[in-house]
Amino acid sequence: MDSKQANNVKAPILVTGGAGFIGSNFVLEWIAAGKGPLVNLDKLTYAGNPENLISVADNPAYTFAHGDICDAEFVGKLLREHRPRAVVHFAAESHVDRSIHGPEAFLKTNIDGTFTLLKEARAYYDGLEGEEKVQFRFLHVSTDEVYGTLEPNDPAFHEDTPYAPNSPYAASKAASDHLVRAWVHTYGLPAMITNCSNNYGPHHFPEKLIPLMIANAQKGKPLPVYGDGQQVRDWLYVVDHCKAIMTVLEKGKPGETYNVGGGNQRTNLQVVNTLCALLDELVPDSPYKPHAQLIKYVADRPGHDRRYAIDARKIESELGWKAEESFETGLRKTVEWYLANKDWVEHVTSGAYQQWVDKNYGSREGVAGGAR
Ligand code: NAD
Ligand code: TYD
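The paragraphs below set out a description of the structure included in this document.

**A closer look at the site of ligand 1**
Link 1 in the chain: Taken together, 28 residues lie around ligand 1, and Ile-22, Asp-42, Ser-94, Tyr-169 and Lys-173 are the ones closest in.
Link 2 in the chain: Note that an oxygen atom of ligand 1 is positioned 2.9 Å from one of the backbone N or O atoms of Phe-90.
Link 3 in the chain: Asn-199 has a polar backbone atom sitting 2.9 Å from an oxygen atom of ligand 1.
Link 4 in the chain: Those elements that place two or more of their residues in the shell around ligand 1 are helix H2 (21–32), strand S5 (137–143) and helix H7 (168–187).
Link 5 in the chain: Per-element accounting of the shell around ligand 1 gives the leading share, 3 residues, to S5.
Link 6 in the chain: By residue class, the composition of the shell around ligand 1 is 12 nonpolar, 12 polar and 4 charged.

Spelled out as structure tokens, the structure:
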């Protein structure tokens with residue numbers, strides 16, 4: 001590293017959505033690895049939780065900026081003030097079921113918000129010079145759901161798989177990916193996109209499959225499996241995803257897309273049964289043992305994608321990243337984290353969370369009164 005590069009490492013990175021599930025894991029990993037200063041821009045929606053970041057709140061390398069990525073003035077000012085060497089864009093509305101009940105917020109944050117961020121990042125980038133300009137990167141964190149759904153024997157999604165989003169969430173993320181692509185090709189913004197499979201791990205909001213099942217099982221509530229439970233997802237431990245993002249930030253080529261996945265295809269029913277077996281083992285005195293007796297089949301999600309699977313050979317061979325955690329070890333760590341952090345679950349599931357549970361599960365057959 002020459003002295004100019006070393007100097008620029010002192011420049012912060014700007015993370016959006018760093019108080020959410022993946023963003024907070026990324027912030028903690030980044031600070032723990034001593035990778036330099038980090039500014040976290042987050043609106044703190046229901047999914048953003050400052051409690052996730054208590055351990056770094058007073059760290060001089062960490063700065064929190066409460067704001068909305070749709071607010072151009074705020075974003076522009078933040079960029080000019082902090083002069084980041086990179087933007088890592090996590091902020092999004094992220095839950096498919098919520099996008100079915102209320103797509104507006106998804107279009108607003110995921111499309112308008114990404115547009116605003118790109119617009120402001122471009123203005124900032126255009127004003128950079130020399131080494132600062134050469135080194136600047138914009139990393140857009142996206143999902144495999146933009147590719148649509150796979151049949152059982154289809155090959156896994158690769159970077160050239162045509163986009164075919166099926167849910168309002170997936171459509172809004174696909175739109176944001178297209179905007180990023182256009183900003184690369186039209187304006188020369190040095191941006192990269194990662195499309196990752198389903199994550200799991202600490203800080204996962206209990207509206208998503210794995211944390212919802214862990215939370216419900218501990219309280220003896222029904223475990224609502226949509227449809228026949230044979231839908232397949234390709235699971236990746238969140239810390240592995242964070243390491244992939246750091247790798248792309250350091251070694252990825254502007255204009256490129258990288259698929260990220262752990263090669264862990266499981267049906268939803270397999271996931272729920274594995275969680276139940278882990279809880280049987282880790283909470284031997286639970287009155288709800290065997291926890292699998294709590295499984296309840298409920299009405300399917302409209303437009304439910306049958307199967308996702310990621311072909312991660314590009315990031316593995318070109319950038320040298322590989323998932324380190326197996327599904328079994330990652331899931332065990334995850335259950336242990338939730339058992340050790342019951343207060344965290346209590347805090348995020350109070351108040352408005354109950355209204356969501358009523359809305360999403362109240363009308364589904366098989367779970368009288370919802371999953372409460
Ligand atoms: P999350 O819902 O847990 O967190 C989203 C964060 O963004 C929250 O902190 C929220 O407060 C913030 N936010 C929302 N709207 C905002 C706005 N307008 N301005 C500023 N901040 C705002 O999401 P997540 O699961 O951590 O996902 C992060 C990113 O990774 C998303 O872009 C998502 O599409 C992508 N992704 C998620 C997964 C997954 O399995 N969770 C997989 C692949 C990709
Ligand atoms: P989810 O965690 O919402 O992630 P995504 O829809 O982005 O893949 O759901 C994962 C899978 O679990 C998906 O196939 C839907 C299913 N699911 C259930 O069967 N029951 C539930 O209560 C939830 C939340 C999800």
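Let us keep going from here.
**Overview of the nonpolar core**
Link 1 in the chain: Among the nonpolar cores identified, the biggest contains 71 residues, and Phe-26, Leu-38, Val-88 and Ile-315 are the most heavily contacted of them.
Link 2 in the chain: A total of 8 residues in this core trace back to one element, the largest contributor, which is helix H9 (residues 238–251).
Link 3 in the chain: The contacts of Val-88, once residues within four sequence positions are left out, are Ile-13, Leu-14, Val-15, Thr-16, Phe-26, Leu-139, Val-141, Ile-245 and Leu-249.

**Some thoughts on the layout of surface pockets**
Link 1 in the chain: Of the voids in this model, the second largest pocket is the one considered here, and its volume is about 350 Å³.
Link 2 in the chain: In terms of lining residues, the second largest pocket is bounded by 18 residues, among which Glu-159, Tyr-163, Arg-181, Ile-193 and Thr-257 are the most central.
Link 3 in the chain: Secondary-structure elements contributing two or more residues to the lining of the second largest pocket are H7 and strand S6 (191–196).
Link 4 in the chain: Residue contributions to the lining of the second largest pocket peak at 6 residues, all from H7.
Link 5 in the chain: Here the lining of the second largest pocket is composed, by residue class, of 7 nonpolar, 5 polar and 6 charged.

**Comments concerning H2**
Link 1 in the chain: Between the first and last C-alpha of H2 there are 17 Å, a value that for 12 residues agrees with the 16 Å anticipated at 1.5 Å per step.
Link 2 in the chain: Counting buried residues along H2, 9 of its 12 residues qualify, which places the element largely inside the surrounding structure.
Link 3 in the chain: Turning to H2, the residues buried within the fold contact strand S1 (13–16), strand S2 (38–42), strand S3 (62–66), strand S4 (86–89), strand S7 (199–200) and H9.
Link 4 in the chain: Once H2 finishes, Gly-34 follows within two positions and takes phi at roughly 65°, a positive value.

**A look at empty space enclosed by the protein**
A water-sized probe, rolled over the atoms, reveals where empty space remains.
Link 1 in the chain: Enumeration according to the criterion identifies 2 cavities of 30 Å³ or more in this entry.
Link 2 in the chain: Its volume calculated, the second largest cavity comes out at about 30 Å³.
Link 3 in the chain: Lining the second largest cavity, in full, are Gly-20, Phe-21, Ala-47, Asn-49, Asn-52, His-203, Phe-205, Trp-344 and Val-348.

**Concerning the packing of H2 against H9**
Link 1 in the chain: Running from amino to carboxyl end, H2 crosses H9 at an angle of 65°, the nearest separation of the two axes being 9 Å. Taken as axis vectors, H2 and H9 run roughly perpendicular relative to one another. In the crossing of H2 with H9, the sense of the turn from one axis to the other is right-handed. Contacts between H2 and H9 involve Phe-21, Ile-22, Asn-25, Phe-26, Glu-29 and Trp-30 from the former and Val-238, Val-239, His-241, Cys-242, Lys-243, Ile-245, Met-246 and Leu-249 from the latter.
Link 2 in the chain: Grouping the constituent residues of the contact of H2 with H9 by class yields 10 nonpolar, 2 polar and 2 charged.

Scoring rules and cut-offs
- Residues numbered from 1 in each chain as written.
- Chains lettered and ligands numbered in written order.
- Predicted model: local features only at pLDDT ≥ 70, side-chain atom pairs only at ≥ 80, totals over all residues.
- Heavy atoms only, no water.
- Near = heavy atom within 4 Å.
- Polar contact = N/O pair within 3.5 Å; in protein donor to acceptor, adjacent residues only side chain to side chain.
- Helix = DSSP H or I, 4+ residues; strand = E, 2+ residues; numbered from the N terminus.
- Nonpolar A, V, L, I, M, F, W, Y, C, P; charged D, E, K, R; others polar.
- Core = buried A, V, L, I, M, F, W, Y, C linked by side-chain atoms within 4.5 Å.
- Buried < 20%, exposed > 50% of the residue type's maximum accessible area, 1.4 Å probe, protein only.
- Contact = heavy atoms within 4.5 Å.
- 1 Å grid on protein atoms, 1.4 Å probe; cavity = no way out; pocket = protein on both sides within 12 Å on 5 of 7 lines; lining within 4 Å.
- Points joined across faces, edges and corners; volume = space filled by probe spheres on them.
- Expected span 1.5 Å × (residues − 1).
- Axes fitted to C-alpha atoms, helices over the stretch in contact; angles between N-to-C directions.
- Parallel < 35°, antiparallel > 145°, perpendicular 65-115°, else oblique.
- Left-handed = near helix turned anticlockwise from the far one by under 90°.

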